[in-house]
Amino acid sequence: MTSSVAARSGYLQFRESACCGRQVCGGLTSRISSLSLKRCIPKELSSSSNVSKILRFHKSGYSHSQIVKKLQCHKTVVTAGPRDGSPHYFDFVVIGSGVAGLRYALEVAKHGTVAVITKAEPHESNTNYAQGGVSAVLCPLDSIESHMQDTIIAGAYLCDEETVRVVCTEGPDRIRELIAMGASFDHGEDGNLHLAREGGHSHHRIVHAADMTGREIERALLNAVVNDPNISVFEHHFAIDLLTSQDGPNTVCHGADILNTETKEVLRFISKVTLLASGGAGHIYPSTTNPPVATGDGIAMAHRAQAVISNMEFVQFHPTALADEGLPSVPSKMRENAFLITEAVRGDGGILYNLDMERFMPLYDERAELAPRDVVARSIDDQLKKRNEKYVLLDISHKSKDKILSHFPNIAAECLQYGLDITSQPIPVVPAAHYMCGGVRAGLQGETNVEGLYVAGEVACTGLHGANRLASNSLLEALVFARRAVQPSIDHMKSSNFDGYAADYWERPTVPMSLGNNVLHKIIRRTSEVRKELQSIMWDYVGIVRSTTRLTTAEQRIGELELEWEAYLFQQGWEPTMVGLEACEMRNLFCCAKLVVSSALARHESRGLHYTTDFPDLEESKRIPTIIFPGPPLNNTWSSRQVHKQQMC
């Protein structure tokens, strides 16, 4: 892994260019003389044939619950397609079933066959958990320039201005497309869309469906997918690694190896174009608002496949996740992911207090509760440490009961389960890992430095968010870049040609059934323990407030833990080509954790979400993105390389 701060601020433009920077490798510093990003057409992929349809949904209209039930009843009992190990051929493979993956799939399906690979049920994504809404300029009193300015200020001036302009300009059309597809958003008494305001925004511009916006968008998109004959959804299918080859200096993507987590079969998907839309890596931390599937799989796969990674130090901690220990009745079972209390509660007038009911945000920022998330999260963190308390209080009870229940029905219902009435009582809240502002470095059309590989959504680093994401810009970015990636993907698909026989050139991953159930259970149990240890290290040393000593300690302890875990695996008979859901998730978590730590160590300033006590100030000279260039891993661990051998053309 090569960690570097790029010497230019522009994002990938895929023309011949040179980048210089500081390379960090095993503690030794050297110079990067140049990095060629010249666009070059690789050996072409062939037309798709013998398309297998493991999961096909027929035309009809369904509600969200009906769609979920229909998806659940199909699962993997439909086993059409080759079961003899022969590959599946598609024009497009989409890894992830959130807003970015589904929106992209619906467009490219007009031009070819599409496989949507989803780790759990199709609705289980970060999109489905998004409460607040989608930001877009839809009010005459608002402007594109104002939205841009809010985005850039929140991003601590690290945002790519061209990307910001593109997203803010195209956003309104993306919202209208969702409405045309059947998405239902809240309207005011005047019949117009009800636009909310959230932290960091200077205007009311948040389109929402109560406090369940992501779920409504997912419902509309899934309904459209159900009705599309060209889209096949493979649920409970886990992406192991991308299939890549070298064409001269260029890495080319030809699809992915996929594990059916129910049948324990490894399937090979060959495609002309692959879109990564697999979400973030919230589960590198012990408390996260992300669903269990968010283990950084896409970022880690792309890194192993030689994709450029950027800005991984900027992990957004949402200031207000529900603090279960502050509820009147504590949940009997520990949550898999923290329950989010949307930014919109503060946007609607919610006030933050410490446990003595002292309002504290005005002490930290003149914008008080409407300050950007990084400011609010650090302020809460400071209060908790100074007062030795475990949570603070968010109070919206001074608003009318009808307004609270109409705007936040999901939050009200969740809290009421545990004896808390948010219309009369404050909500206990605490920061939790929420969003990765960094990821796979992408150009303005979602393209990466790997030919045939596109990215959209949280897995991508487009330059929009800079050092901190503005509230409700994530769904917006996913919609815009999913749409922008369509035409170049179609062009690449039409010009591509690939010899289908080459599908066997990569070594096949194997499932570890030969180890026996007792050994497998021991491996899974130890892996679960290691996962908790990694999460604890990340929270203790790579959290909201950092220091060089803590980061260095984290780097050392993570490296030792990874080697200890892998040694245990191989002592139990594990082999380098073996794959399993828990083990593959663990290696992806290790990969992402190391990317975050190395990126944080490379930034010698405090900017946005990255705050370090050793460099507490902004440095104008360091207002450049952090880049992790392709390169050999620092150590030859199983986690750091592709399971199969990379075929060299």
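The rules behind these values
Residues numbered from 1 in each chain as written. Predicted model: local features only at pLDDT ≥ 70, side-chain atom pairs only at ≥ 80, totals over all residues. Heavy atoms only, no water. Helix = DSSP H or I, 4+ residues; strand = E, 2+ residues; numbered from the N terminus. Buried < 20%, exposed > 50% of the residue type's maximum accessible area, 1.4 Å probe, protein only. Contact = heavy atoms within 4.5 Å. Areas by Shrake-Rupley, 256 points an atom, 1.4 Å probe, with all protein chains shown as cover. Salt bridge = Lys/Arg side-chain N within 4 Å of Asp/Glu carboxyl O. Lys, Arg positive; Asp, Glu negative; His and termini not counted. Axes fitted to C-alpha atoms, helices over the stretch in contact; angles between N-to-C directions. Parallel < 35°, antiparallel > 145°, perpendicular 65-115°, else oblique. Left-handed = near helix turned anticlockwise from the far one by under 90°. Nonpolar A, V, L, I, M, F, W, Y, C, P; charged D, E, K, R; others polar. Pairing = 2+ DSSP bridges. Right-handed = clockwise from strand over helix to strand, strands pointing away. pLDDT = per-residue confidence, 0-100. Phe/Tyr/Trp six-rings, centres within 6.5 Å; stacked < 30°, edge-to-face > 60°.

Observations regarding the overall build of the protein chain
At step 1: Along the backbone of the protein chain there are 16 helices and 22 strands.
At step 2: When each of the 649 residues of the protein chain is scored for burial, the buried share is 63%.
At step 3: Pairs at least 24 residues apart make up 76% of the contacts formed inside the protein chain by residues separated by at least 6 positions.
At step 4: Taken as a whole, the protein chain presents about 23800 Å² of accessible surface, with 50% of it coming from carbon and sulfur.

Observations concerning the pattern of salt bridges
At step 1: All told, the structure shown has 41 salt bridges when counted by the stated rule.
At step 2: Put simply, D374 and R378 hold a salt bridge, and the shortest N to O gap is 3.6 Å. Taken together, the positions of D374 and R378, both in helix 9 (residues 373-387) and four residues apart, correspond to about one turn of that helix.
At step 3: What makes D374 buried here is its relative accessible area of 8%.
At step 4: Connected through shared salt-bridge partners, R103, E107, K110, E170, R174, E177, R483 and R484 make up one network.

Focus on the side chain of E477
At step 1: If you trace the backbone, E477 turns up in helix 12 (residues 474-484).
At step 2: Buried charge E477 goes without a salt bridge, the closest partner of opposite sign being R469 at 7.1 Å.
At step 3: Once residues within four sequence positions are removed from consideration, E477 is found in contact with V167, Y435, G457, T462, L464 and H465.

Section: the packing of helix 15 (residues 548-571) against helix 16 (residues 581-602)
At step 1: Two elements in contact, helix 15 and helix 16, have axes separated by 10 Å at closest approach and are oriented at 155 degrees. Between helix 15 and helix 16, the crossing angle belongs to the class labelled roughly antiparallel. Crossing hand, helix 15 versus helix 16: left-handed. Residues T548, L551, T552, A554, E555, I558, L561, E562 and W565 of helix 15 lie in contact with helix 16, whose contacting residues are A583, M586, R587, F590, A593, K594, V597, A600 and L601.
At step 2: Classifying every residue of the contact of helix 15 with helix 16 gives twelve nonpolar, two polar and four charged.

Quick notes on the sheet that holds strand 6 (residues 134-135)
At step 1: Within the open sheet, the three strands sit side by side as 6-8-7. Their pairing is antiparallel. Both outer strands of the open sheet, strand 6 and strand 7 (195-196), are each paired with one neighbouring strand and no more.
At step 2: Pairing geometry for strand 6 and strand 8 (residues 206-207), over two bridges, is antiparallel. Counterpart to V134 in the pairing with strand 8 is V207.

Section: helix 7 (residues 297-304)
At step 1: Counted residue by residue, helix 7 has eight buried out of eight residues, so it is predominantly covered.
At step 2: Of the residues making up helix 7, those classed as buried are D297, G298, I299, A300, M301, A302, H303 and R304.
At step 3: Following helix 7 by one or two positions, Q306 adopts a phi angle in the positive range, close to 75 degrees.

Some words on the pairing of strand 5 (residues 114-118)
At step 1: Among the five residues in strand 5, five count as buried, and that is most of the element.
At step 2: What you see with strand 5 is no split at all: V114, V116 and T118 on one side and A115 and I117 on the other are buried throughout.
At step 3: One ladder, built from four bridges, connects strand 4 (residues 88-95) with strand 5; its direction is parallel. Its bridge partner lying in strand 5, F92 is registered against V114.
At step 4: For the crossover from strand 4 across helix 2 (residues 99-108) to strand 5, the handedness is right-handed.
At step 5: In the sheet, strand 5 pairs with strand 9 (residues 231-235) via five bridges, with the strands oriented parallel. Each bridged residue has a counterpart across the sheet, and for V116 the counterpart in strand 9 is V233.

Topic: unusual backbone geometry
At step 1: Of note, the phi angle at M357 is positive, near 60 degrees, even though the residue is not glycine.
At step 2: Structurally, M357 can be placed in the loop between strand 15 (351-353) and helix 9.
At step 3: Assessed through its relative accessible area of 40%, M357 is described here as partly exposed.
At step 4: Positioned with a positive phi, N388 is a non-glycine residue whose angle comes to about 55 degrees.
At step 5: Looking at the secondary structure, you find N388 in the loop between helix 9 and strand 16 (392-395).
At step 6: Judged by relative accessible area, N388 falls into the exposed class, the value being 72%.

Focus: the pairing of strand 9
When a strand is regular, its side chains alternate between the sheet's two faces.
At step 1: Most of strand 9 sits out of view: five of its five residues are buried.
At step 2: Every second residue of strand 9 is oriented toward a common face, with I231, V233 and E235 on one face and S232 and F234 on the other, all of them buried.

Details of the confidence of the model for the protein chain
At step 1: Within the protein chain, residue pLDDT values average 85, and 83% of them lie at 70 or more.
At step 2: Ignoring residues within four places in sequence, the model shows residues 1-81, a span with pLDDT below 50, making 223 contacts including any to other chains.

Focus on the packing of aromatic side chains
At step 1: This structure, assessed with the given rule, holds ten aromatic pairs.
At step 2: Summarising the aromatic geometry, the rings of F234 and F269 are spaced 4.9 Å apart at their centres and angled 90 degrees between planes, so their arrangement reads as edge-to-face. Of the two residues, F234 sits in strand 9 while F269 sits in strand 12 (residues 265-276), which places them 35 residues apart along the sequence. You'll find F234 and F269 in the same group, each marked buried.
At step 3: Note on F360 and Y364: the rings are 6.3 Å apart at their centroids and 90 degrees apart in plane angle, and the pair reads as edge-to-face.

Section: the environment of F314
At step 1: With respect to the secondary-structure elements, F314 resides in the loop between strand 13 (309-310) and strand 14 (315-322).
At step 2: Considered as a pair, F314 and Y435 are 121 residues apart in the sequence and their alpha carbons are 8.8 Å apart.
At step 3: Residues in contact with F314, not counting those within four places in the same chain, are L158, Y435, M436, C437, G438, G466, A467, R603, R607, L609 and H610.

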